[in-house]
Structures are given as structure tokens and as C-alpha cells.
Amino acid sequence: MSVKLFSAVKKYSHPRASLSFYLCLLLGHHLSVSMSTGSVAKLLLVDLSGTLHVGNLATRGAVEALDWVRSRGVAVKFLTNTTKESKRDIYERLVKIGFKVDMSDILTSVSVAIDEVKRRGLKPLLITEDSVEREFNEFYPELKNGDRDSVVVGLVPDKFNYTVLNEAFRLLKSNQNAPIIAIHKGKYYQTEDGLSLGPGPFVVALEFASGREATICGKPNQNIFLQALGQYAPEEAIMFGDDVTDDIQGAQRAGIRGCLVRTGKYRPGDENKIEPAPAFVFENFAEAVRGIFNKTGIAS
Ligand SMILES: [Mg+2]
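Residues numbered from 1 in each chain as written. Predicted model: local features only at pLDDT ≥ 70, side-chain atom pairs only at ≥ 80, totals over all residues.

1. Considering helix 10 (residues 244-253)
Most of helix 10 is tucked away, with eight of its ten residues classed as buried. Just beyond helix 10, the residue with positive phi is G255, at close to 85°. (Buried ≥ 20, exposed ≤ 12 C-beta atoms within 10 Å, placed from the backbone. Helix = DSSP H or I, 4+ residues; strand = E, 2+ residues; numbered from the N terminus.)

2. Some words on the nonpolar core
If you look at the biggest cluster of nonpolar residues, it comprises 68 residues, and the most contacted ones within it are L45 and V153. Shared between two domains, this core takes at least three residues from each, and those domains are domain 2 (40-81 + 219-292) and domain 3 (110-216). Once residues lying within four places of it in the same chain are set aside, the contact partners of V153 are I127, I180, A182, I183, P199, F202, V203 and L206. (Core = buried A, V, L, I, M, F, W, Y, C linked by C-beta atoms within 7 Å. Domains from an automatic or database assignment. Contact = placed C-beta atoms within 7 Å.)

3. What about the sheet that holds strand 5 (residues 106-108)?
An order of 5-4-1-12-13-14 is seen for the six strands of this open sheet, with the pairing classed as parallel. Either end of the sheet is taken by a strand with one partner, and the two such strands are strand 5 and strand 14 (280-282). Strand-to-strand twist of the sheet, defined as the mean angle between neighbouring strand axes without regard to direction, takes the value 20°. By the bridge criterion, four bridges tie strand 1 (residues 43-47) to strand 12 (residues 237-241) in an arrangement that is parallel. Its bridge partner lying in strand 12, L45 is registered against M239. Across the sheet, helix 4 (residues 87-97) lies against strand 4 (75-80) and strand 5, angled at about 135° from strand 5, the strand it touches most. (Pairing = 2+ DSSP bridges. Axes fitted to C-alpha atoms, helices over the stretch in contact; angles between N-to-C directions.)

4. What about the confidence of the model for the protein chain?
When the pLDDT values of the protein chain are averaged, the result is 86; 85% of them are 70 or greater. Across residues 1-38 the pLDDT falls below 50, and counting only partners more than four positions away or on other chains, this stretch makes eleven contacts in the model. (pLDDT = per-residue confidence, 0-100.)

5. So, unusual backbone geometry
Put simply, K219 and P220 share a cis peptide bond, and its omega is 10°. Note on placement: P220 falls in the loop between strand 11 (215-216) and helix 9 (222-229).

6. What about the environment of E283?
You can see E283 is positioned in the loop between strand 14 and helix 11 (285-292). Overall, the presence of 16 C-beta atoms within 10 Å leaves E283 in the partly exposed class. Distance from E283 to V261, taken between C-alpha atoms, is 5.5 Å for residues 22 residues apart in sequence.

Structural data, given as C-alpha cells:
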């Protein structure tokens, strides 16, 4: 492109124009390209499972793409709907895979749920994995004392049985003000042996039986997106994810452009399932970074 520009300038400018004149033009061209790529987005919101990695493997080129985009001064935050792993578990897994991340840049539906419970001064019955219970106790020690006055539902396959759900139902029935807090309401998620039920169907069971609507903390609820934006305006950010509803539609409803990636739980035709359609669709996270930021040379 620079050679073409040089030829064009040479063709249309005075023959005695100095080399420095051409260099200035080329530098100006370079700066304008840098500025235009920099203005595509100032903040990337990135889903983890299915987008940056599947299990313990990074998606193709994701480690390099993340490094590159950060080196351009673009801020990155990670948004995950996990209900099984604590923030520390997630951080350690990402570092082990090879990603350079800061724990404070990870926003989980669990951390949003803890903030919600603290803000409302609730003492919930926790239907969650032990690691999540430890995180609640670490960041909200007052939780241990007092009668249970609400229910928090995460994803805990071993505890989703009649006895546990009935205990939650009885609590909700005995206290008409007791809220249901859903860490998220995902219908299903990708596991190593296929798609598996998420916490959503169990949240719906409690909503149905109690006649109460749950407060949802994770994606696609807008709270998690707005919290992640911080100082940035929605139009300055792009959300990358493999879940067309939770990641993309959720973000777009918060005014953030969505970029669907065809990895993880993506299935053919997902991009046609929401209105408006995703702002961008790419094969994977690295391709998306390359396409959106007009970058060449990221391994794919
Ligand atoms: Mg995902």
C-alpha cells in the first residue's frame, strides 16, 4: 500500500519535491492507518470458555492475538458466566494455558452475584459448588451468620436433586420476600463430551414453583456488561463470544457491538438467531482481531 501511495504521490506532485516531502506523506499515511485501527475499539470484552479456550487448550492463535491487541493499548476485560470455578481458579487456568492476564480484569457472574447479595444484605442458601461457596465466604464473611432469607443458584450438577431443590422451594414459600439470585440462567453449555444442561432449567423450576422471577447476575443481563465498561462508553467496546444469546445479544442490548466466534458452543446458523444480527462474525478470536483491527501476521 505504501509503494502504491508513493507512486501516486510521485505521479501527481511536482518533480522537484524533496524526498522528505514523500517521507512526510508516508508517515502521515502510516499515522492515519494507526489512528483508524486504534479507533475501532478502545475496550475488548472477551468471553473465556469457548472463545479464548476450550477446556485447557487455547483457541487457534488466541494467545498471540490477545498479546498483539493489548500491545496496541486496547484495554481487555474478561467476562465469564462460570458458576463452577472461582476467580482464582479461572485466573490460574488462563495463565497455565499461556494467556497473560491480570486477575482484576476478570469479571465473573459469581463476583457480580456476591456484589448483589452484599448490596442487598442477604443471607442466601447457596446451591453452588464448594469453590464458589468459599468465594462467597471470602468476600462476604457475614454470610455465615443469620437465618437464610434468599436462594442463590449456580451450576452444581451433583446437588441438582429433589431434596436440595425442595429445600430451596420451601424457603421461598415460607418467606414471600425471599429472592432467587441466579448466578446465570444459561440453558446449556459445552463440555468435553457434548452439550450439557446449564443452571437455567433449574432456576426456571424454582421460578415456576414459587411464582417469583429470579435476579440474573451473569450474561445476558446488562449489569455485568455495564460493570465491565467502567469508564468506557458502550460504543467504544466490542464483546467477543461464542454464545449468540448470552454474549452477543446481551452485549448489543447494552449498546455494545457483538462479535460472534465460530468456536466452542457455536453451531451453524447461530448468527441468524438474533435480531439485530451480530455486528461481526469470525471463525475464531484471532481471526476476529485480525479482521476488525486490520492486522496481518497473527498466527492462525
Ligand atoms: Mg463461552
